Amino acid sequence: NLADTFFGGKLGVGSTTPLAQFVASSTSYIAGIFDQRGTSDILQLQDSGSSVLVVKDGGNVGIGTTSPQALTHIYSASSHATLRVDSLTADAYAYLRAADGQQSYLLFGDQSDDDVGGITYDHSDNSFNFRTNATNDRLVITSAGLVGIGTSTPNYKLTVNTGGFSVEDSATNFGGFTISSNARIATFSGMPSGTTLTTASLVVNPSNAGDVQRKIF
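Residues numbered from 1 in each chain as written. Predicted model: local features only at pLDDT ≥ 70, side-chain atom pairs only at ≥ 80, totals over all residues. Heavy atoms only, no water.

Participant: An account of the pairing of strand β3 (residues 43-47) is needed here, citing residue identities and associated values.
Facilitator: Where β3 and strand β4 (residues 50-55) come together, five bridges link them in antiparallel fashion. Directly across from Gln46, in β4, lies its bridge partner Ser51. Between β3 and β4, which follow one another and run antiparallel, lie two residues, and Ser48 among them has a positive phi close to 55°. (Pairing = 2+ DSSP bridges. Helix = DSSP H or I, 4+ residues; strand = E, 2+ residues; numbered from the N terminus.)

Participant: Pulling in residues and values, what's your account of the sheet that holds strand β6 (residues 72-74)?
Facilitator: The mixed open sheet is built from four strands, whose spatial order is β3-β4-β5-β6. Each edge of the open sheet carries a strand with a single partner, namely β3 and β6. Recorded for the sheet is a direction-independent mean angle of 20° between the axes of neighbouring strands. Pairing geometry for β4 and strand β5 (residues 61-63), over three bridges, is antiparallel. Looking at β5, one finds that Val55 is bridged to Val61. (Axes fitted to C-alpha atoms, helices over the stretch in contact; angles between N-to-C directions.)

Participant: How would you explain a nonpolar patch on the surface if you had to name every residue and give the values?
Facilitator: A cluster of nonpolar side chains, Leu11, Val13 and Phe22, forms an exposed patch at the surface whose accessible area comes to about 250 Å². One can find Leu11 in strand β1 (residues 11-13). By relative accessible area, which is 31% here, Leu11 ends up partly exposed. (Patch = residues over 30% accessible without salt bridge, like charges linked within 9 Å, V, L, I, M, F, W, Y side chains within 5 Å. Areas by Shrake-Rupley, 256 points an atom, 1.4 Å probe, with all protein chains shown as cover. Salt bridge = Lys/Arg side-chain N within 4 Å of Asp/Glu carboxyl O. Buried < 20%, exposed > 50% of the residue type's maximum accessible area, 1.4 Å probe, protein only.)

Participant: Break down the side chain of Thr65 for me, with residues and values.
Facilitator: Note that Thr65 resides in the loop between β5 and β6. A polar contact of 3.1 Å, which involves the side chain of Thr65, links it to the backbone nitrogen of Ser67. Leave out the neighbours within four places in its chain, and Thr65 touches Val54, His73 and Tyr75. (Polar contact = N/O pair within 3.5 Å; in protein donor to acceptor, adjacent residues only side chain to side chain. Contact = heavy atoms within 4.5 Å.)

Structure representation (structure tokens):
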């Protein structure tokens, strides 16, 4: 409708006072549709001739890149690539919503490896899995809150598989204890009389006091 078009260096569609080079305004219809029927880009936004946002044929959106590799791809060649979510007066959320029984991934990669690290939530058993150096099961938290280090099937509040663990004062290396990878530590409600413990073993609270064996680590 030519009556809706205002000339004077600016074009207004549905507006007689456009505040930009092009303004489309409507209270009854979609303000604008870009329908690209071929294989070229659907939309490009440029700053001084350089593309800052592109919508590719098929729908992938690139910010800082003209060849997005996912539905949304943010790229920076010279500074931090940042995705920021702000809320001035309420909580801020980031959702990863998978299909029932599938997995949600938060991956950490570099130019050599897309997923060298990551966090996975498995919706089939409601467990967390932490990945480092391209190896899964570095640390696992089950749906029951059991924690496994080096194992995906912890049986206790904390299960450490191989390597042992240490509790010590960072300044003096005293004030704690160390259990090495060949040590044994366990708690029994009862232990057969005459049981011989292996080197560097510790049994806590056996039913027969005579069965206690103390060895120096």
